[in-house]
Amino acid sequence: MSRLLPLLILLGCLLLPAAGVPARDIGPDEARQVLARPPAGLVVLDIRTPEEFRDGHLPGARNLDFFAPDFRQRLETLARGDAPVLLYCRSGNRSGQAMRLLRQWGRDDVLHLADGFRAWRAAGLPEE
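Residues numbered from 1 in each chain as written. Predicted model: local features only at pLDDT ≥ 70, side-chain atom pairs only at ≥ 80, totals over all residues. Heavy atoms only, no water.

The name recorded for the protein chain in an unreviewed UniProt entry is Rhodanese-like domain protein, from Desulfovibrio piger.

A.B. asks: Account for the pattern of salt bridges, with residues named and values stated.
C.D. replies: Counted under the stated rule, the structure contains 8 salt bridges. Between arginine 32 and aspartate 29 there is a salt bridge, with the nearest N and O atoms lying 2.6 Å from each other. Here aspartate 29 and arginine 32 lie together in helix 2 (residues 28-36), a separation of 3 residues that amounts to about one turn. (Salt bridge = Lys/Arg side-chain N within 4 Å of Asp/Glu carboxyl O. Helix = DSSP H or I, 4+ residues; strand = E, 2+ residues; numbered from the N terminus.)

A.B. asks: How would you explain helix 4 (residues 71-79) if you had to name every residue and give the values?
C.D. replies: When helix 4 is considered as a whole, its buried residues turn out to be Phe71, Leu75, Leu78 and Ala79. Angular distribution of buried residues about the axis of helix 4 spans 105°; they occupy a single face of the element. In the core, the buried residues of helix 4 are packed alongside strand 2 (43-46), strand 3 (62-63), strand 4 (85-88) and helix 5 (93-104). (Buried < 20%, exposed > 50% of the residue type's maximum accessible area, 1.4 Å probe, protein only. Arc of directions from axis to C-beta. Contact = heavy atoms within 4.5 Å.)

A.B. asks: Give me the lowdown on the side chain of aspartate 65, citing residues and values where you can.
C.D. replies: Within the secondary structure, aspartate 65 is located in the loop between strand 3 and helix 4. An unpaired buried charge is present at aspartate 65: no salt bridge exists, and arginine 94, the closest side chain of opposite charge, is 5.6 Å distant. Polar contacts involving the side chain of aspartate 65 include one to the main-chain amide nitrogen of phenylalanine 67, which spans 2.9 Å. Beyond its immediate stretch of four places on either side in the chain, aspartate 65 contacts Ile47, Arg48, Thr49, Pro50 and Phe71. (Lys, Arg positive; Asp, Glu negative; His and termini not counted. Polar contact = N/O pair within 3.5 Å; in protein donor to acceptor, adjacent residues only side chain to side chain.)

A.B. asks: Give a detailed account of helix 2, specifying residues and quantitative values.
C.D. replies: Listing the buried residues of helix 2 in full gives Pro28, Ala31 and Val34. Taken end-on, helix 2 shows its buried residues confined to a sector of 115°, consistent with a single buried face.

A.B. asks: I'd like a rundown of the nonpolar core, residues and numbers included.
C.D. replies: Grouped together as the largest cluster of nonpolar side chains are 19 residues, with contacts concentrated most on Leu45, Ile47, Phe71, Leu75, Val85, Leu87 and Val110. Mapped by element, the contributors of at least two residues to this core are strand 2, helix 4, strand 4 and helix 5. With 15 residues, the next largest nonpolar core counts Val44, Phe53, Ala61 and Trp120 among its residues. (Core = buried A, V, L, I, M, F, W, Y, C linked by side-chain atoms within 4.5 Å.)

A.B. asks: Any chance you could break down the sheet that holds strand 3 for me, citing the residues and the numbers?
C.D. replies: Overall, parallel pairing links the 5 strands, which are arranged 1-5-4-2-3 in an open sheet. For this open sheet the edge positions go to strand 1 (24-26) and strand 3, each flanked by a neighbour on one side alone. As judged from the 2 bridges shared by strand 2 and strand 3, these two strands associate in the parallel manner. Looking at strand 3, one finds that leucine 45 is bridged to arginine 62. (Pairing = 2+ DSSP bridges.)

Below, the structure is given as C-alpha cells:
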C-alpha cells in the first residue's frame, strides 16, 4: 500500500481541476488537461481584443474584450453564475486583473492561464 499511496495522490491531483478547485494559476499543459475533461458548465473566457481573438484562441473560448466599456459589468454578470471559469488573455496581465475581480466578487472556481495565450501557442497546443 505504501507504494500505491503516491500514485493515488498523483491521480487525485490530476483529477482536481475536473472536480472544481479554488481559484489558482495554471500552465498550458494543465489547461489542456482541464479542456480534455472539463468540469460541468466550464466557461472558457478569452479577454483579449476581438482582433486578438480572431487570430486564434483556445477551443470553445468565448470573447469578452477587456477594453470594452461594459467589460466590468459583463464580467460581474458572469461572476453571479455558478459555472467554473478558465480565464486567459495574451500574457496573463489582463486576465490576472480579471481574476482578482472575480475573487473579490466571491468566485473561487476560476482557473487562470497565468502566462496567457502566448504560452499556449508556444506549447503548440490546439487552437481555433
